[in-house]
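Next come the chains, spelled out residue by residue.
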Amino acid sequence: QEKKIFTVQGPYPIIRRELRARGWVERKVPGTGRQPEQHHPLHYPWLPAEKEEEQCDEDPNGIHDLMSYLVRDRLPNFIWTNFLDATDDELLQQDNIVNHYARVDAFTTKEGLCLSLQNLPWIEQADPNTFFPRCYRLGIMDEREAFIEDFRLTAARSLLKLALEDAGDRPVRTQQVPNSAKGAGWHRSHVSHPKHSTARPRSPLYPELVEEALEVCKQHLGVLQHQDIDRRTPSPCRTCIDWKHFLQRYYRVAHEGAGLVLTKQQRKECQNLLWHLAEQLPQLDMEGKFNIWILKPGAESQGRGIVCTTRLEEVLQLAWSSTAPSVHVGRWVVQKYVERLLTIFGTKFDIRQWFVVTDWKPLTVWFYRDCYLRFCSRPFSLCHLERARHLCNVSVQKCYKTSPDQDPRVPRDKIWSNKQFQEYLAQLGQADAWHQVLVPGMKAAILSALRSAQDQVRFRKGSFELYGADFLVGEDFQPWLLEINSCPTMSPSSAVTRRLCANVQRDTLCLVLDRKNKPTSSIGAFELIYKE
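One structure accompanies this document, and this report is about it. From a predicted model like this one, the values you see are computed outputs, not experimental measurements.

Parameters and conventions
Residues numbered from 1 in each chain as written. Predicted model: local features only at pLDDT ≥ 70, side-chain atom pairs only at ≥ 80, totals over all residues. Heavy atoms only, no water. Pairing = 2+ DSSP bridges. Helix = DSSP H or I, 4+ residues; strand = E, 2+ residues; numbered from the N terminus. Salt bridge = Lys/Arg side-chain N within 4 Å of Asp/Glu carboxyl O. Expected span 1.5 Å × (residues − 1). Buried < 20%, exposed > 50% of the residue type's maximum accessible area, 1.4 Å probe, protein only. Arc of directions from axis to C-beta.

**Observations regarding the sheet that holds strand 3 (residues 78-80)**
Okay, step 1: Spatial strand order, 2-1-3-4: four strands in an open sheet with parallel pairing. One side of each edge strand has no neighbouring strand; the edge strands of this open sheet are strand 2 (25-26) and strand 4 (97-98).
Okay, step 2: Here two bridges tie strand 3 to strand 4, and the two strands are oriented parallel to one another. Paired with Phe78 across the two strands is Ile97, which belongs to strand 4.

Structural data, given as structure tokens:
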């Protein structure tokens, strides 16, 4: 009579316990739908056996089972499930509350987010290149051609950076790390090659290579500066340059240590060109100098099928190879790797940031003030491109042991809270970076992604959804959005995530249930950041 019947599908003991504490009765149904982004459902490896048992044994007297039997024929008023699909239709009614929206793949898959953010400039005055590494869907011919052109132009810019570095100039920040791996990436994890030093190998020399790169970059700059005036300007990649020959020589310079010599005039031109290109290209700095790209299955999660490579022909070949048989041919995206990123103790990390959408018309977004960092198992290096160094997903890193050369200050469980990160930033003398750069940047990126996909989502009153956005942090502390996950994992992998995952579930229920009946109720760490 009080409409307090709920259904939970999936491993969510916190949700079940919190609802029962509020006087709700569970209607149990067989589990359906895909598995969420879970790692060890109902398993807590850091807890003693008796504590884990205590976590899972929620009905010692059988009273909840009895109540569930009594409501077995009633439709639930609240549904928390892994995914909303056609099998859930029988559970839906007009006034129940559901924790998912339909058709959110417009921003919760890599392919969908790529397409939605391409359309962002048509929706609002925002440039996705300022927060989302440029991305292309390889199954679409126009985008595949655009990627090939981008790869070539990036190679030309990278060559100018390497040439200036050889000459002893660094007008654009460059990374003091070994050169990139020779060949494609994470499926070739142990490749030996020359390390970067002030005495780079000087043979063979390519005196005409710098001239070709300068000419390409000049033409590109002209297009960028006049793109709204003269649409007939030819693409700089459609010049008389033999691109296959150019790229082969670029690979020798960038990845095999071949040398370059600049004349005084060329050095001045390189500096001037890169300075003007930086005004037009928000990603010029973060893209680095090794032209590394990530190839991703368009609709997979947990790091499955991801490959890193430095060569154009390998990107195109891998997209149609058998590296991930479950992925449809052509359903790949390729994205620029953030080469110039912030590391902690020499180790790559990313940020998992939660937010909740409680309405799409009007769009209403709540940002969670707590989040956590995920570390890799091995020190960051652009010369070794294996997964243990470059994919921060817990589901990937759990397969690797911490390497002996890892800094001992990296947490053993590879997780930090945002509070620990803020303390670290303070030690760097950047205490304000979290509240003044990172958090505003993450909020803006999330809102832009949601607005870009708003027309694609199937709107339903009474629904809400908790999402997990993943961000990298650049050397300038700017956040770069990588992806947004529907149904983010709530299975804890550390003491930090055990606490935070429990808190965000409790606070979500406070937000969508308690506040509905009592607007002044506490909503924990959530804050309203947008309401149309």
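**Here we look at the pattern of salt bridges**
Okay, step 1: If you walk through the whole model with that rule in mind, you get 32 salt bridges.
Okay, step 2: In this structure, the salt-bridge partner of Arg22 is Asp514, at a minimum N-O distance of 2.8 Å. Within this pair, whereas Arg22 is found in the loop between helix 1 (13-21) and strand 2, its partner Asp514 is found in helix 16 (residues 495-517), the two being separated by 492 residues in sequence.
Okay, step 3: In this structure, Lys419 and Asp370 form a salt bridge, with 2.9 Å as the shortest nitrogen-oxygen distance. Within this pair, whereas Lys419 is found in helix 14 (residues 418-427), its partner Asp370 is found in strand 10 (residues 363-375), the two being separated by 49 residues in sequence.
Okay, step 4: Each of the salt bridges in this network shares a partner with another, and the network as a whole consists of Arg134, Asp150, Arg157, Lys161 and Glu287.

**What to know about helix 10 (residues 264-280)**
Okay, step 1: Taking 1.5 Å of rise per residue, 17 residues should cover 24 Å, and helix 10 covers 25 Å from first to last C-alpha, within 8% of that figure.
Okay, step 2: Every buried residue of helix 10 is accounted for by Gln266, Glu269, Cys270, Leu273, Leu274 and Leu277. Seen from one end, helix 10 has its buried residues packed into an arc of 125 degrees, which puts them on one side. Away from its buried face, by an angle of more than 90 degrees, helix 10 presents the exposed residues Lys264, Lys268 and Trp275.

**Here we look at the pairing of strand 6 (residues 293-297)**
Okay, step 1: Here strand 6 lies mainly inside the structure; five of its five residues are buried.
Okay, step 2: Here strand 6 shows two buried faces, one formed by Trp293, Leu295 and Pro297 and the other by Ile294 and Lys296.
Okay, step 3: In terms of strand pairing, strand 6 meets strand 7 (residues 307-309) through three bridges, oriented antiparallel. Bridging across to strand 7, Leu295 finds its partner in Val307.
Okay, step 4: Where strand 6 and strand 8 (residues 332-336) come together, five bridges link them in antiparallel fashion. Bridged to Pro297 within strand 8 is Trp332.

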